[in-house]
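One-letter residues, chain by chain:
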Amino acid sequence: MSEYPKSADTVTEAAIGGRVFMRIAVSSPQFTGEVSPEDFAGKYLTDRLRPDDMLVFSSQSIALSQKRYYDLSAVKKTKLAEWASKSVKKTGEITVFGDPKVMSAAMYELGSFRMVVGTLAGRFFGRDSFYKAAGRQSRFIDVISYDGRMLMTLCPDDAIAVAERIAYTVGCRTLIVDTRRNGGGIAASEEGLPIRDIEAVMLNAPMRVGNRRVPMCIIRER
């Protein structure tokens, strides 16, 4: 049984309120859905996890495997989306929606009214108000480069149920997380470390091995 990071993994640390957490970015291929996420996690994490570990699985990878995305090359900008994207850009915080194509796709997916209300809330009250008004699913929206295309990934379907299945397979608490922390989207298999602490632990994008993004990261308290 190997509970320690492998040489191909990347390990960083985060200190939160006097506690120190190891962030072990697991060296694995990208997850694209050829197998279920729980089978994928089981394959690459066999005998590597402790019961008190937390496993972070990238929401972008889950969404990609579920084909929950928009190809931005096929999205047409609307005038309303151009206005909204310019408005959120001025906050300096809600960066992913500063692209009018992303805003257009989000309006189509989540509703124009919701996104306009979120834009106004963000403009006057900041990032958290934007996401509160725009709704939970907006927190998971991200833009990734995949197979030569720019894709806007969405909130995974049944994210909590997916996290629960992975947790059952690997034997520890599992979180499906917007790993770039654009909106701080988190779906957890069970309660545990407070969401704010999880966000703090995930700062500075620890989900990389070299210059390659990976879908899984083990969070372990030292």
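Shown above is the structure to which this text applies.
In this text the structure is predicted, and so the values were computed from the model without any measurement.

Quick notes on the overall build of the protein
Here comes step 1: Tallying secondary structure elements over the protein gives 8 helices and 11 strands in all.
Here comes step 2: Taking all 222 residues of the protein together, the buried fraction comes to 51%.
Here comes step 3: Nonlocal contacts in the protein, meaning residues at least 24 apart in sequence, comprise 67% of its contacts between residues at least 6 apart.
Here comes step 4: Working note: accessible area of the protein is about 10,900 Å², and carbon and sulfur atoms make up 51% of it.

Brief notes about the packing of aromatic side chains
Here comes step 1: Per the stated rule, a full pass over the model turns up 8 aromatic pairs.
Here comes step 2: Among the aromatic side chains, those forming a connected cluster through ring pairs are Phe31, Phe40, Tyr44 and Phe57.

Some remarks on the nonpolar core
Here comes step 1: By size, the foremost hydrophobic cluster in this structure holds 24 residues, and its most contacted members are Phe97, Val102, Met103, Met115, Phe130, Ile141 and Met152.
Here comes step 2: Taken together, the elements giving at least two residues each to this core come down to helix 3 (79-89), helix 4 (100-110), helix 5 (112-125) and helix 6 (127-134).
Here comes step 3: Ranked by residues supplied to this core, first place goes to helix 4 with 6 residues.
Here comes step 4: Dropping the residues within four chain positions of it, Val102 is found in contact with Leu72, Val96, Phe97, Ile141, Val143 and Met152.
Here comes step 5: The next biggest cluster of nonpolar side chains, apart from the first, holds 23 residues, and it includes Leu49, Leu55, Ile62 and Ile218.

What about a nonpolar patch on the surface?
Here comes step 1: A surface patch of nonpolar side chains, about 570 Å² in accessible area, is lined by Leu80, Trp83, Leu120, Phe124 and Phe125.
Here comes step 2: Mapped by element, the contributors of at least two residues to the nonpolar patch are helix 3 and helix 5.
Here comes step 3: You can see Phe125 is positioned in helix 5.

Conventions adopted
- Residues numbered from 1 in each chain as written.
- Predicted model: local features only at pLDDT ≥ 70, side-chain atom pairs only at ≥ 80, totals over all residues.
- Heavy atoms only, no water.
- Helix = DSSP H or I, 4+ residues; strand = E, 2+ residues; numbered from the N terminus.
- Buried < 20%, exposed > 50% of the residue type's maximum accessible area, 1.4 Å probe, protein only.
- Contact = heavy atoms within 4.5 Å.
- Areas by Shrake-Rupley, 256 points an atom, 1.4 Å probe, with all protein chains shown as cover.
- Phe/Tyr/Trp six-rings, centres within 6.5 Å; stacked < 30°, edge-to-face > 60°.
- Core = buried A, V, L, I, M, F, W, Y, C linked by side-chain atoms within 4.5 Å.
- Patch = residues over 30% accessible without salt bridge, like charges linked within 9 Å, V, L, I, M, F, W, Y side chains within 5 Å.
- Salt bridge = Lys/Arg side-chain N within 4 Å of Asp/Glu carboxyl O.

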